Amino acid sequence: MPEHPLSPTEAGGFSIRSTRATDFEQITTLSNLPLYRAGTLRLPYQSLEQTRKWLESQGAGTLSIVAEIEAQIVGVAGLQRLQGRRLHAADLGIGVHDAFTGRGIGKALLGALIDAADNWLNIRRIELTVFTDNAPAIRLYEKFGFETEGLLKAYAFKEGRFADAFAMARVRGI
């Protein structure tokens, strides 16, 4: 059975809020951390300008949140609602600062996004891709009801080799 979202006070001393345009410097720092980047499709050396443009270009169909401890951003997550006949679905992305993994931050961010998807946005299907070697993330997604729908062979070039990924989804109400 999927877990319920945690409130910020239950989550371990950090707060969750929406992203701000002024977050671009801290999010760029996160994006350039080796373990954070390894779980994404980002290239090394993401610039401040790239992150600023990304934050500014988020449309009405995007929900983007951060976790912070004492004004330091330690996690970023978001939902991007799809369009047209896929309006009931959204893509999910999430990442936690290398030095703050294992503290419940990913769990709280994921819980907050699922709560918004289920109770405010009427999103029925949440999709994501995760590299097959990212066991902690896969376990977290499974705890929240995500199921593996397929294997994407040679999905992306990562650390000098092609890496596989799982396509996972959580579908509410099936």
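Before reading further, recall that the structure is shown in the block above.
Residues numbered from 1 in each chain as written. Predicted model: local features only at pLDDT ≥ 70, side-chain atom pairs only at ≥ 80, totals over all residues. Heavy atoms only, no water.

Participant: Just checking my understanding: could you explain the layout of surface pockets for this structure?
Facilitator: Think of a ball as big as a water molecule: rolled over the atoms, this probe shows where empty space is left. Taken as a whole, the second largest pocket encloses approximately 240 Å³ of empty space. Those elements that place two or more of their residues in the lining of the second largest pocket are helix H2 (34-38) and strand E6 (147-158). For the lining of the second largest pocket, a count of residues per class yields 8 nonpolar, 2 polar and 4 charged. (1 Å grid on protein atoms, 1.4 Å probe; cavity = no way out; pocket = protein on both sides within 12 Å on 5 of 7 lines; lining within 4 Å. Points joined across faces, edges and corners; volume = space filled by probe spheres on them. Helix = DSSP H or I, 4+ residues; strand = E, 2+ residues; numbered from the N terminus. Nonpolar A, V, L, I, M, F, W, Y, C, P; charged D, E, K, R; others polar.)

Participant: Can you walk me through the side chain of Arg 81 in this structure?
Facilitator: Of note, Arg 81 is situated in strand E3 (residues 72-81). At a separation of 2.7 Å, a polar atom in the side chain of Arg 81 contacts the main-chain carbonyl oxygen of Leu 87. A distance of 2.8 Å separates a polar atom in the side chain of Arg 81 from the backbone oxygen of Leu 121. Look past the residues within four positions of Arg 81 in its chain and what remains in contact with it is Gly 61, Leu 87, Ala 89, Ala 90, Leu 121, Asn 122 and Ile 123. (Polar contact = N/O pair within 3.5 Å; in protein donor to acceptor, adjacent residues only side chain to side chain. Contact = heavy atoms within 4.5 Å.)

Participant: Looking at this structure, how should I read the packing of aromatic side chains?
Facilitator: This model, assessed by the stated rule, comprises 3 aromatic pairs. Relative to Phe 162, the ring of Phe 157 lies with its centre 5.0 Å away and its plane at 70°, an arrangement referred to as edge-to-face. The exposed category is assigned to Phe 157, whose relative accessible area is 56%. Over the ring of Trp 54 we find Arg 42; its NZ or CZ atom is 6.0 Å from the centre of that ring. The ring of Phe 131 is capped by Lys 158, whose NZ or CZ atom sits 4.1 Å from the centre of that ring. (Phe/Tyr/Trp six-rings, centres within 6.5 Å; stacked < 30°, edge-to-face > 60°. Buried < 20%, exposed > 50% of the residue type's maximum accessible area, 1.4 Å probe, protein only. Lys NZ or Arg CZ within 6 Å of the ring centre and 35° of its normal.)

Participant: Explanation requested: the pattern of salt bridges in the structure shown.
Facilitator: Pairs may arise between side chains of opposite charge once their charged atoms sit close together. By the definition in use, this model includes 11 salt bridges. Note that Arg 17 is salt-bridged to Glu 68, the shortest N-O span being 3.2 Å. Of the two residues, Arg 17 is situated in strand E1 (residues 15-18) and Glu 68 in strand E2 (residues 62-69); the sequence distance between them amounts to 51 residues. Classification of Arg 17 as buried rests on a relative accessible area of 14%. Look at Glu 68 and you get buried, because its relative accessible area is 15%. (Salt bridge = Lys/Arg side-chain N within 4 Å of Asp/Glu carboxyl O.)

Participant: Would you explain unusual backbone geometry in this entry?
Facilitator: Trans is the common state for peptide bonds, and a negative phi is the common state for residues other than glycine. Unusually for a residue other than glycine, Ala 154 sits at a positive phi of about 50°. Secondary-structure assignment places Ala 154 in strand E6. In this model, Glu 159 sits at a positive phi of 55°, which is unusual for a non-glycine residue. For Glu 159, the position within the fold is in the loop between E6 and strand E7 (161-171). Of the residues examined, Glu 159 reaches a relative accessible area of 65% and is grouped as exposed.

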